[in-house]
Protein chains: 2
Amino acid sequence: MAPPEDKPEVAEEFMAEKRSISTIVIIIAMQAEALPLVNKFQLKEDLDSVFPKGVPWVRYYGTYKDLNINIIWPGKDTVLGVDSVGTVSASLVTYASVQALQPDLIINAGTAGGFKAKGASVGDIFLASDVAFHDRRIPIPVFDLYGVGLRQALSTPNLLKTLNLKVGKLSTGDSLETSPKDEASIIANHATIKDMEGAAVAYVADLLKVPAIFVKAITDIVDGDKPTADEFLQNLAAVTAALDQAVTKVVNFINGKCLSDL
Amino acid sequence: MAPPEDKPEVAEEFMAEKRSISTIVIIIAMQAEALPLVNKFQLKEDLDSVFPKGVPWVRYYGTYKDLNINIIWPGKDTVLGVDSVGTVSASLVTYASVQALQPDLIINAGTAGGFKAKGASVGDIFLASDVAFHDRRIPIPVFDLYGVGLRQALSTPNLLKTLNLKVGKLSTGDSLETSPKDEASIIANHATIKDMEGAAVAYVADLLKVPAIFVKAITDIVDGDKPTADEFLQNLAAVTAALDQAVTKVVNFINGKCLSDL
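This one's a predicted model, so the numbers in the text were calculated from it and none came from an experiment.

A. View of the UniProt feature "domain: Nucleoside phosphorylase" (unreviewed entry) in chain A. Per the UniProt record, the feature "domain: Nucleoside phosphorylase" (unreviewed entry) sits at residues 23-251 of chain A. In the segment residues 23-251 of chain A, helix accounts for 35% and strand for 27%; the C-alpha atoms at its two ends are 11 Å apart.

And the structure:
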């Protein structure tokens, strides 16, 4: 039997599942991935930022159909001028966004590497079933599991079926390339796709009890012949267009629905 | 010539350097490292937490001499029950602590691996001169530098001289063990010591313009014969005692001084 103090929280969760989704936060690591969607949804940049002074994080916001949409991009590194990719930035902007905006749902969208041995091709759009890290090896019992950090994405069977997206496990690490040890961990994670942010977004979403989904478009084949960085840069523009189409379809599907309808 | 709008900020920074340090935040990843210091400074746990509901982060606080001391420990993983080590947790608690407490100085204290080839021995206490990541390999120009994320610690020549601490470069990664690629990056970082949080704390401190120092005690020799995890666990208790003595000396030295006196 559940202790009595759990009841209000359970009731709250039940109500949230039955209420139409109102506010969504879309976390996107790269400007090239974010801007087409900002234009598509006709969002405005939040110049009086909800974030602290001095951080490069950018929020684009607006109303689209019945949704309050926030696209959060961690911005350019203040010294080096490149997109603030990776798990540290992703976790910080996810945390700050949830604190400021209290979203009903987080969508982490972005490009990713894919494994052809697991059925991925360049241009494919995947929805991650679960996410884990592949570069946090801590060979002490239980800490090893903490390092892997396996978490489930929100289950969205109707979304998957309607949009006919591919499904696969997502593995996250802070390197664009992989080392043999990373590769062994990716195999242990049964991953079809590989990115640099997903498991960090999932960690924070789980910590703050916000459901999250992961929409990833394949720019490069990790187990292929081409160097990852070359293939990534070559395919970025075309694949970003496919990603943005997919995210638009996902947002259209979400509109007017509650979490349990997804 | 600096544009006129820069002047108030410069003046503010100058004033901060000339004002006695009042509030410090000490970020410590493991409970075993934190609790002896909590007792030493007679700190209390903040039960009405400055952090959001549901996160495992713990703040111990109190007044010691003329200082408001906050020891922040990211707590036990809510599912697995192990200390929330690594860069994602460290960056989140550093961010949330700075937002809530506006400290004058951050001290990241903890155990670390050391390289005997660079002069480190088990039990040594190091102050890091600078910090960088060794597991964020992004082989695209400028992104490569972003991945390494090299940052200087606050320069503290008087502290170093008075306490007779060792100085070395600190390299951070999310694995307790290392891979050959990690090792190559650690060598490229000229690191004497290796931890799992420092560069993430430095990243957030830099983002939010709070000076930070890094006090690290050597539990294991990375370029030695013993497996890291075994050596780490074997030496943790004894080295933690040495770490706590060193942090106490650092705090005593800081008391009553301004940043520029350090």
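B. Expanded view of the nonpolar core. Among the nonpolar cores identified, the biggest contains 102 residues, and W57, L92 and F214 of chain A together with W57, L92 and F214 of chain B are the most heavily contacted of them. What F214 of chain A contacts, discounting residues up to four positions off in sequence, is N108, F126, L127, A128, V131, A153, L170, G198, V201 and A202 of chain A.

C. Structural context of the relation of the copies chain A and chain B. Overlay of chain A on chain B (RMSD 0.0 Å): rotation 180°, translation along the axis 0.0 Å. Expressed as a symmetry operation, the mapping of one chain copy onto the other fits a two-fold axis. Taking the C-alpha atom as reference, chain A places V88 of chain A closest to the rotation axis, 2.7 Å from it. A shared binding surface is used by both copies, with 100% of the interface residues of chain A retained as interface residues in chain B.

D. Summary view of the packing of helix α2 (residues 31-40) of chain B against helix α8 (residues 228-254) of chain B. Residue and element names in this part refer to chain B. Closest axis-to-axis distance for the α2/α8 pair is 9 Å, and the angle between their directions is 45°. Compared by their axis directions, α2 and α8 come out oblique. Here α2 runs over α8; the crossing is right-handed. Within the contact between the two elements, α2 uses A32, E33, P36, L37 and K40 and α8 uses T240, L243, D244, V247 and T248. Grouping the amino acids of the contact of α2 with α8 by side-chain chemistry returns five nonpolar, two polar and three charged.

E. Spotlight on the interface of chain A and chain B. Contacts between the two partners involve 50 residues from chain A, matched on the other side by 50 residues from chain B. Roughly 4,300 Å² of surface becomes buried between chain A and chain B when both sides are summed, with 65% attributable to carbon and sulfur atoms. Where chain A meets chain B, there are eight salt bridges. Between R137 of chain B and E177 of chain A there is a salt bridge, with its nearest N and O atoms 2.3 Å apart. Between chain A and chain B we count 20 residue pairs in polar contact (both at pLDDT 80 or more) in total. Among the elements of the structure, α3 (87-101), α4 (143-148), α6 (180-188), α7 (198-207) and α8 (228-254) of chain A are those that each provide at least two residues to the side of chain A that touches chain B. Sort the elements by how many residues they give to the side of chain A that touches chain B and α3 of chain A lands first, with eight residues. Taken together, the residues that form the side of chain A that touches chain B break down as 29 nonpolar, nine polar and 12 charged.

Cut-off values and rules
- Residue numbers restart at each chain and count upward from 1, following the sequence in its written direction.
- Whichever chain is written first becomes A and whichever ligand is written first becomes 1, with later ones labelled in order.
- Reporting of local features is limited, given that this is a predicted model, to residues whose pLDDT is at least 70; pairs of side-chain atoms are given and counted only at 80 or more, and all residues count toward the totals for whole chains, interfaces and linings.
- Here the side-chain values reflect all heavy atoms present in the structure, with hydrogen atoms and water set aside.
- UniProt positions are given in the numbering used here, feature names are shortened, and annotations may be inferred rather than shown by experiment.
- Numbering of helices and strands runs from the N terminus; a helix is a DSSP stretch of H or I covering at least four residues, while a strand is a stretch of E covering at least two.
- To define a nonpolar core, start from buried Ala, Val, Leu, Ile, Met, Phe, Trp, Tyr and Cys residues and group those joined through side-chain atoms within 4.5 Å.
- Exposure categories follow from relative accessible area, calculated using a 1.4 Å probe and restricted to protein chains: below 20% of the type maximum is buried, above 50% is exposed, and the middle band is partly exposed.
- Two residues qualify as a contact provided that any one of their heavy atoms is within 4.5 Å of a heavy atom in the partner residue.
- Here the copies are matched by least squares. The fit uses the C-alpha atoms of residues with pLDDT of at least 70 in both.
- Axis definition: a line fitted to C-alpha atoms, limited for helices to the stretch in contact. Angles are taken between N-to-C directions and run from 0 to 180 degrees.
- Angles below 35 degrees are treated as roughly parallel, those above 145 as roughly antiparallel, those between 65 and 115 as roughly perpendicular, and all remaining angles as oblique.
- By convention the crossing between two helices is left-handed if the near helix lies anticlockwise of the far one by an angle smaller than a right angle, and right-handed if it lies clockwise.
- Under this grouping Gly is polar, as are all residues other than the nonpolar Ala, Val, Leu, Ile, Met, Phe, Trp, Tyr, Cys and Pro and the charged Asp, Glu, Lys and Arg.
- Two parts lose some accessible area (1.4 Å probe) when they are put together, and adding that loss for both gives the buried area.
- Here, a salt bridge means any side-chain nitrogen of Lys or Arg that lies within 4 Å of a carboxyl oxygen of Asp or Glu.
- We define a polar contact as two N or O atoms separated by no more than 3.5 Å, with the added condition that, inside protein, one atom must be a possible hydrogen donor and the other a possible acceptor, whereas residues neighbouring each other in sequence contribute only through side-chain atom pairs.

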